[in-house]
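Now for the letters of each chain:
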Amino acid sequence: MIDDCIFCKIVDGQIPCTKLYEDDNLLAFEDIHPIAPTHFLVIPKEHIPTLDDVEERHAQLLGDMLYVSAQLAQQKGLGASGYRQVINCRESAGQVVFHLHMHVIGGRKMDKMG
Ligand code: 5GP
Ligand code: ZN
């Protein structure tokens, strides 16, 4: 738990969120500023600042983030139309919250990545 981290505070229950999924290691919740009809985040409960800070011991955690994100996307009815997972790593990619998180975005046509 890092005191000035928004997502650690969400994990700790100090900041409310619309929770979609929780287990011992992961939390998924709706993004507060959605950029598509479906936009939620999957985060580890452990404070990992960026994708670059991931260690070998986190390999299962990363796999679980991907798996849970796909399960939730399908539960939200995006299985047929499709959806996108994004991890922004550091400033140039647009990372603003420095607690690792995977965006899951769907419900509209996406532009090509660029
Ligand atoms: P980043 O740009 O770091 O990849 O994405 C951070 C995301 O976190 C943004 O989409 C932003 O809307 C979301 N976000 C920031 N603060 C909060 C918050 O307090 N609650 C929720 N639910 N989402 C947040
Ligand atoms: Zn954190």
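Please refer to the structure placed before this passage.
Note that the structure is a prediction, hence the values are computed from the model and not measured.

Quick notes on the rules
Residues numbered from 1 in each chain as written. Chains lettered and ligands numbered in written order. Predicted model: local features only at pLDDT ≥ 70, side-chain atom pairs only at ≥ 80, totals over all residues. Heavy atoms only, no water. Donors = N, O, S within 2.8 Å, 3.2 Å for Na, K, Ca; no water. Helix = DSSP H or I, 4+ residues; strand = E, 2+ residues; numbered from the N terminus. Buried < 20%, exposed > 50% of the residue type's maximum accessible area, 1.4 Å probe, protein only. Salt bridge = Lys/Arg side-chain N within 4 Å of Asp/Glu carboxyl O. Pairing = 2+ DSSP bridges. Axes fitted to C-alpha atoms, helices over the stretch in contact; angles between N-to-C directions. Core = buried A, V, L, I, M, F, W, Y, C linked by side-chain atoms within 4.5 Å. Contact = heavy atoms within 4.5 Å.

A. Here's a closer look at the coordination of the zinc ion (ligand 2). For the zinc ion (ligand 2), the full set of protein donor atoms is Cys-5 (SG), Cys-8 (SG), His-47 (ND1) and His-99 (ND1), at a range of 2.0 to 2.3 Å. Counting residues between consecutive donors of the zinc ion (ligand 2) along the chain gives the motif C-x2-C-x38-H-x51-H. Of the two residues, Cys-8 is situated in helix α1 (residues 6-12) and His-47 in the loop between β3 (38-44) and α2 (59-75); the sequence distance between them amounts to 39 residues. On the basis of relative accessibility, which here comes to 22%, the residue His-47 falls in the partly exposed class.

B. Fine view of the pattern of salt bridges. Across all of its chains, the model carries six salt bridges by this definition. Ionic pairing is found between Glu-22 and Lys-19, a salt bridge with its closest N-O pair at 2.8 Å. Salt bridges linked by common partners bring Lys-19, Glu-22 and Lys-45 together as one network.

C. Fine view of the sheet that holds strand β2 (residues 26-30). Read from one edge of the open sheet, five strands run β1-β2-β3-β5-β4, paired in antiparallel fashion. The open sheet has two free edges, formed respectively by β1 (19-22) and β4 (83-86), since each of these has just one partner strand. Neighbour-to-neighbour, the strand axes of the sheet open up by a mean angle of 15°, direction not taken into account. In this structure, β3 lies alongside strand β5 (residues 102-106), joined through five bridges in antiparallel fashion. Paired with Phe-40 across the two strands is Val-104, which belongs to β5.

D. Structural view of the nonpolar core. Within the largest apolar cluster, 14 residues are counted, with the highest numbers of intra-cluster contacts made by Leu-26, Phe-40, Val-42, Met-65, Leu-72 and Val-104. Elements represented by at least two residues in this core include exactly β2, β3, α2 and β5. With five residues, the top contributor of residues to this core is α2. If near-sequence neighbours (up to four positions away) are discounted, Leu-72 is found in contact with Leu-20, Tyr-21, Ala-28 and Phe-40. Counting nine residues, the second-largest nonpolar core is a separate cluster that includes Phe-7, Ile-10, Phe-29 and Ile-43.

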